[in-house]
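Read off the chains here:
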Amino acid sequence: MKYTFEKGKKSTVKVTMKLTAEEWSTAIDGAYQKTKGRYSVPGFRKGKVPKKVLESAYGTGVFYEEAINQAFPKYYGEVLDKEPTIKAVAAPEIDVKDISEKGITLIAIVPVRPDVTLGEYKGINYKKPVYNVKDEDVEEEIKRLQERNSRMVEVTDREVKDGDTVTIDYSGSVDGVKFDGGTAEKQTLVIGSKTFIPGFEEQVIGMKIGEDRDINVKFPEEYHAENLKGKDAVFAIKLHEIKVKELPEVNDEFIKDAVGAESVEAYKAETKARLEKQNADRAERELEDEIIKKITEATDVEIPDALIENQIDRMVQEMEYRMSYQGLRLEDYLKYVGKTMADFRKDYESQATELVKSQLVIEEIIEREEIVATDEDVEKRVEEMATAQGKKAPDLKKNMGARQLDYIKNEIVIKKFFDYLKSANTIE
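Residues numbered from 1 in each chain as written. Predicted model: local features only at pLDDT ≥ 70, side-chain atom pairs only at ≥ 80, totals over all residues. Heavy atoms only, no water.

A. Geometry of the overall build of the chain. Of regular secondary structure, the chain possesses 13 helices and 13 strands. Along the longest, intermediate and shortest principal axes, the C-alpha atoms of the chain span 95 × 65 × 45 Å. Looking at the chain residue by residue over its 428 residues, the buried ones come to 36%. Taking all contacts inside the chain whose residues are at least 6 apart in sequence as the whole, residues at least 24 apart take part in 65%. (Helix = DSSP H or I, 4+ residues; strand = E, 2+ residues; numbered from the N terminus. Buried < 20%, exposed > 50% of the residue type's maximum accessible area, 1.4 Å probe, protein only. Contact = heavy atoms within 4.5 Å.)

What follows is the structure, given as structure tokens:
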């Protein structure tokens with residue numbers, strides 16, 4: 001096999017591979033062996049038909065497609081092994097030229113890692129955000145703890161008030177005619193939640209258990225049901241039950257039962273420390289994001305389309321995954337919002353381009369500054385993980401696969417990368 005390569009457009013390399021008649025014949029023989037069981041010829045058992053007979057019956061090119069599928073990865077891989085300067089970053093586009101029994105020419109347009117012209121990334125002033133923890137923040141955490149441990153208590157000695165949870169029957173009608181979806185029994189409603197039509201919940205206030213009442217409302221002009229938009233309606237209501245949320249008293253006994261802290265003051269101290277850690281982590285992330293954003297904006301790079309498309313693929317897959325957890329399908333969502341998949345992918349293009357560019361910037365600086373994860377770094381990180389899990393480092397490491405170790409190395413490199421940038425710049 002002879003090959004040549006040359007720089008193409010938009011961070012691609014054009015690789016031209018010419019297979020000899022012998023190499024191409026070997027590929028065709030391999031294709032015949034793999035696919036011969038698919039064909040039937042009268043007078044022969046399936047899978048036992050000679051190659052020449054099949055070529056005569058189905059045409060000389062019957063095995064070409066499979067032969068290309070087998071030959072291309074083999075010879076393309078050889079080119080990449082021999083030419084380390086071709087740093088492929090995505091699958092190539094393949095074209096076929098001059099195909100015959102005498103040989104074949106395969107052309108690959110290979111997306112390669114682009115040249116990255118970095119802007120300034122050292123000696124820059126950055127302002128790190130500061131998020132202080134206030135007493136009110138700690139009190140909000142305690143309120144949320146109360147909410148999580150609240151209970152609903154039935155009320156029988158008063159009328160409905162704002163904030164109550166009620167159980168009602170209702171039946172709605174327009175001009176005396178009931179409409180679809182306007183009737184329900186034993187429906188739970190939180191007064192003030194604005195779940196129902198405007199004006200509905202306010203008119204339930206003051207009702208007593210067992211009371212019947214007609215209330216008058218007007219459907220909004222933008223209501224989803226066309227036949228009800230802007231219509232006046234009457235709902236016949238029957239109140240069955242009133243419940244109110246009861247919050248536990250905040251004292252040492254409650255705190256100990258709820259979270260295991262020894263006292264309210266101890267829990268407040270723990271909560272403040274936790275919030276301060278969260279705020280510090282948030283500030284650190286925002287500083288790192290700002291550093292990358294500023295460097296990326298000053299960087300010039302021609303990104304191969306394939307890298308952007310691959311990033312969009314990942315983003316679409318993540319969206320599908322999140323939707324599946326809600327019992328939704330992306331196809332149904334697209335129909336609902338009136339978009340095609342092409343439109344949906346287009347929406348991600350700008351964000352995907354920025355993500356790819358940022359990643360290329362990070363990789364370029366890491367390579368330029370020779371930032372690596374040493375064996376000692378990995379051992380130290382494994383030791384930390386083992387201690388956190390109550391295990392011995394050798395026992396933990398021997399059960400780690402190559403992928404997990406690569407993840408640890410990447411984690412170390414990224415931390416070193418940001419540590420380097422923070423030390424190389426001025427952080428206020």
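From this point, things continue past the structure.
B. Expanded view of the pairing of strand β3 (residues 93-100). Pairing of β3 with strand β4 (residues 103-111), which is carried by six bridges, proceeds in the antiparallel orientation. Along β4, the bridge assignment pairs D95 with I107. Counting the residues between successive antiparallel strands, the hairpin from β3 to β4 contains two residues. (Pairing = 2+ DSSP bridges.)

C. Broad picture of the packing of aromatic side chains. Evaluated as defined, the whole model comprises 17 aromatic pairs. With centroids separated by 5.6 Å and ring planes inclined at 80°, the aromatic side chains of Y32 and F63 adopt a geometry described as edge-to-face. Residue Y32 is located in helix α1 (residues 21-35), and its partner F63 is located in the loop between α2 (51-58) and α3 (64-82); the two are separated by 31 residues in the primary sequence. We classify F63 as buried; its relative accessible area is 1%. Note on F200 and F235: the rings are 5.3 Å apart at their centroids and 80° apart in plane angle, and the pair reads as edge-to-face. Here F235 lies in strand β11 (residues 232-246) and F200 lies in helix α5 (residues 200-204), a separation of 35 residues in the sequence. For the pair F200 and F235, one class covers both residues: buried. One aromatic cluster in this structure is built from Y170, F179, F196, F200, F219, Y223 and F235. Directly above the aromatic system of Y131 lies the positively charged group of R282, at a separation of 3.7 Å from the ring centroid. (Phe/Tyr/Trp six-rings, centres within 6.5 Å; stacked < 30°, edge-to-face > 60°. Lys NZ or Arg CZ within 6 Å of the ring centre and 35° of its normal.)

D. Just the nonpolar core, in detail. Counting residues in each nonpolar core, the largest one holds 34 residues, and the members touching the most others are I295 and F417. Of all the secondary-structure elements, those providing two or more residues to this core are α7 (264-297), α8 (305-325), α9 (330-337), α10 (341-368) and α13 (402-424). A per-element tally of this core places α10 first, with nine residues. The contact partners of F417, leaving out residues within four places of it in the chain, are I292, I362, I365, I366 and I371. (Core = buried A, V, L, I, M, F, W, Y, C linked by side-chain atoms within 4.5 Å.)

E. Structural detail: helix α6 (residues 252-259). Backbone nitrogen of E253 and a side-chain oxygen of the N-cap are separated by 3.2 Å at the start of α6; the cap is N251. With its phi angle positive at about 85°, G260 sits one or two positions after the end of α6. (Polar contact = N/O pair within 3.5 Å; in protein donor to acceptor, adjacent residues only side chain to side chain.)

F. Looking closely at a negative patch on the surface. Among the surface-exposed residues, D289, E290, E297 and E354 lie close enough to one another that they form a single negatively charged patch. Ranked by the residues each element gives to the negative patch, the list is headed by α7, at three residues. Residue classification places E354 among the partly exposed residues on the basis of a relative accessible area of 43%. (Patch = residues over 30% accessible without salt bridge, like charges linked within 9 Å, V, L, I, M, F, W, Y side chains within 5 Å. Areas by Shrake-Rupley, 256 points an atom, 1.4 Å probe, with all protein chains shown as cover. Salt bridge = Lys/Arg side-chain N within 4 Å of Asp/Glu carboxyl O. Lys, Arg positive; Asp, Glu negative; His and termini not counted. Charge placed at Lys NZ, Arg CZ, Asp CG, Glu CD.)

G. Region of the structure containing the pattern of salt bridges. If you walk through the whole model with that rule in mind, you get 39 salt bridges. One salt bridge in this structure joins K10 and D305, with 2.8 Å as the shortest N-O distance. Of this pair, K10 sits in the loop between β1 (2-7) and β2 (12-19) while D305 sits in helix α8, and the two are 295 residues apart along the sequence. A relative accessible area of 38% means that K10 is categorised as partly exposed. The shortest N-O distance in the salt bridge between E226 and K229 comes to 3.2 Å. The exposure class of E226 is exposed, given its relative accessible area of 62%. Shared partners join several salt bridges into a network, and the residues in it are R113, E364, E367 and R368.

H. The sheet that holds β1, seen in detail. A sheet is described by the order of its strands in space; here four strands give the open sequence β1-β2-β4-β3, paired in antiparallel fashion. For this open sheet the edge positions go to β1 and β3, each flanked by a neighbour on one side alone. Strand after strand, the sheet turns through a mean of 15° between neighbouring axes, direction not considered. Across eight bridges, the pairing between β2 and β4 is antiparallel. Across the sheet, residue T16 finds its bridge partner in β4, namely I107. (Axes fitted to C-alpha atoms, helices over the stretch in contact; angles between N-to-C directions.)

I. Region of interest: unusual backbone geometry. Its identity as a non-glycine residue notwithstanding, D98 has a phi of 50°, on the positive side. Locating D98 in the fold gives a position in strand β3. The exposure class assigned to D98 is exposed, which follows from its relative accessible area of 65%.

J. Up close: a nonpolar patch on the surface. The grouping of I94, V96 and I99 at the surface amounts to a nonpolar patch, some 210 Å² of accessible area in total. Within the secondary structure, I94 sits in strand β3.

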